[in-house]
Amino acid sequence: MTLQERRLLAWHETMELHEIVAFQSIGLMKLKMSFKKVEDQELSELYRTCIGELEGNLNELLKFYPSAPGYQGRDAETRQDVSFFAADLLAFSKELVRCLAAAITETATPALRKTFTNQLIAAIHGHERAYQYMHKHGYYPSYDLGPLLGQDVHNAQHALKMKY
């Protein structure tokens with residue numbers, strides 16, 4: 001079978017798709033919730049452009065979900081606000097871990113490296129707490145790929161429908 005003949009995404013690219021859609025959905029929701037608070041016209045236009053780009057990205061990426069292994073739609077409704085805030089905390093903590101890990105590789109001063117390392121360990125624990133909360137409440141079914149992907153689609157569609 002050639003690559004062109006394949007109908008399903010590979011597992012690893014499905015997980016990358018999940019991560020990118022989840023991240024962009026949260027970002028789009030945050031931008032739309034903040035839009036009316038931006039008083040500067042030039043910054044408002046930057047927000048509008050970014051919102052349009054993220055909407056375009058999500059619309060393009062959602063087309064790949066039916067080709068993801070195990071994909072299934074999502075039936076259960078969750079409290080969107082709680083789910084959003086939990087996902088935002090998880091995304092922030094994940095990005096903090098990445099930033100601190102990168103900072104450690106660029107640091108030559110031992111005291112600063114030790115500080116970054118201690119903060120990295122704390123950030124890893126923070127990420128774990130956010131993940132455990134989401135998993136416990138059913139907001140992140142990480143061991144069940146079908147519902148996880150279905151939740152991605154639900155969140156992206158919610159972000160796309162939000163008014164700003």
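Rules used throughout
- Residues numbered from 1 in each chain as written.
- Predicted model: local features only at pLDDT ≥ 70, side-chain atom pairs only at ≥ 80, totals over all residues.
- Heavy atoms only, no water.
- Helix = DSSP H or I, 4+ residues; strand = E, 2+ residues; numbered from the N terminus.
- Contact = heavy atoms within 4.5 Å.
- Areas by Shrake-Rupley, 256 points an atom, 1.4 Å probe, with all protein chains shown as cover.
- Lys, Arg positive; Asp, Glu negative; His and termini not counted.
- Charge placed at Lys NZ, Arg CZ, Asp CG, Glu CD.
- Phe/Tyr/Trp six-rings, centres within 6.5 Å; stacked < 30°, edge-to-face > 60°.
- Buried < 20%, exposed > 50% of the residue type's maximum accessible area, 1.4 Å probe, protein only.
- Core = buried A, V, L, I, M, F, W, Y, C linked by side-chain atoms within 4.5 Å.
- Polar contact = N/O pair within 3.5 Å; in protein donor to acceptor, adjacent residues only side chain to side chain.
- 1 Å grid on protein atoms, 1.4 Å probe; cavity = no way out; pocket = protein on both sides within 12 Å on 5 of 7 lines; lining within 4 Å.
- Points joined across faces, edges and corners; volume = space filled by probe spheres on them.
- Nonpolar A, V, L, I, M, F, W, Y, C, P; charged D, E, K, R; others polar.

Student: Just to check I follow, could you spell out the overall build of the protein for this structure?
Tutor: A count of helices and strands for the protein gives 5 helices and 0 strands. Along the three orthogonal principal directions, the C-alpha set of the protein runs to about 55 × 45 × 35 Å. In the protein, the proportion of contacts linking residues at least 24 apart, taken out of those at least 6 apart, comes to 75%. Here the protein has roughly 10600 Å² of accessible surface; of this, 58% comes from carbon and sulfur atoms. Separation between the mean location of the 18 positive side-chain charges and that of the 20 negative ones in the protein comes to 4 Å.

Student: Just to check I follow, could you spell out the packing of aromatic side chains for this structure?
Tutor: How two aromatic rings sit relative to each other is given by the distance of their centres and the angle of their planes. Tallied over the full model, the rule gives 5 aromatic pairs. Both rings, one in Phe-35 and one in Tyr-164, keep their centres 5.0 Å apart while their planes meet at 85°; by these two values the pair is edge-to-face. Of the two residues, Phe-35 is situated in the loop between helix H1 (11–34) and helix H2 (41–62) and Tyr-164 in the segment after helix H5 (145–161); the sequence distance between them amounts to 129 residues. Judged by relative accessible area, which is 10%, Phe-35 ranks as buried.

Student: When you look at the nonpolar core in this model, what are you seeing that I'm missing?
Tutor: Side chains of a nonpolar character, in soluble globular proteins, are inclined to be buried together. Among the nonpolar cores identified, the biggest contains 34 residues, and Val-21, Leu-28, Tyr-65 and Met-134 are the most heavily contacted of them. Those elements that provide at least two residues to this core are H1, H2, helix H3 (80–105), helix H4 (110–136) and H5. Of all the elements, H5 adds the most residues to this core, at 7 residues. For Tyr-65, the contacting residues outside a window of four places in its chain are Leu-17, His-18, Val-21, Tyr-71, Leu-149, Asp-152 and Val-153.

Student: I tried to follow the side chain of Ser-25 on my own but got confused; where do I start?
Tutor: By the secondary structure assignment, Ser-25 is in helix H1. We classify Ser-25 as buried; its relative accessible area is 1%. Of note is the side chain of Ser-25, whose polar atom sits 2.8 Å from the backbone oxygen of Val-21. If sequence neighbours within four positions are ignored, Ser-25 has contacts with Leu-58, Asn-155, Ala-156 and Ala-159.

Student: Can you help me understand the layout of surface pockets in this one?
Tutor: Each pocket or cavity is described by its volume, and for the largest pocket that value is around 400 Å³. Among the secondary structure elements, those contributing two or more residues to the lining of the largest pocket are H1, H3 and H5. In the lining of the largest pocket, the residues fall into 13 nonpolar, 6 polar and 5 charged. The space that makes up the second largest pocket amounts to roughly 160 Å³. Considering the residues around the second largest pocket, the lining is formed by Phe-23, Gln-24, Ile-26, Gly-27, Leu-28, Lys-30, Leu-54, Asp-88, Ala-91, Phe-92 and Glu-95. Listed by contribution, the elements that provide at least two residues to the lining of the second largest pocket are H1 and H3. For the lining of the second largest pocket, the per-class residue count stands at 6 nonpolar, 2 polar and 3 charged.

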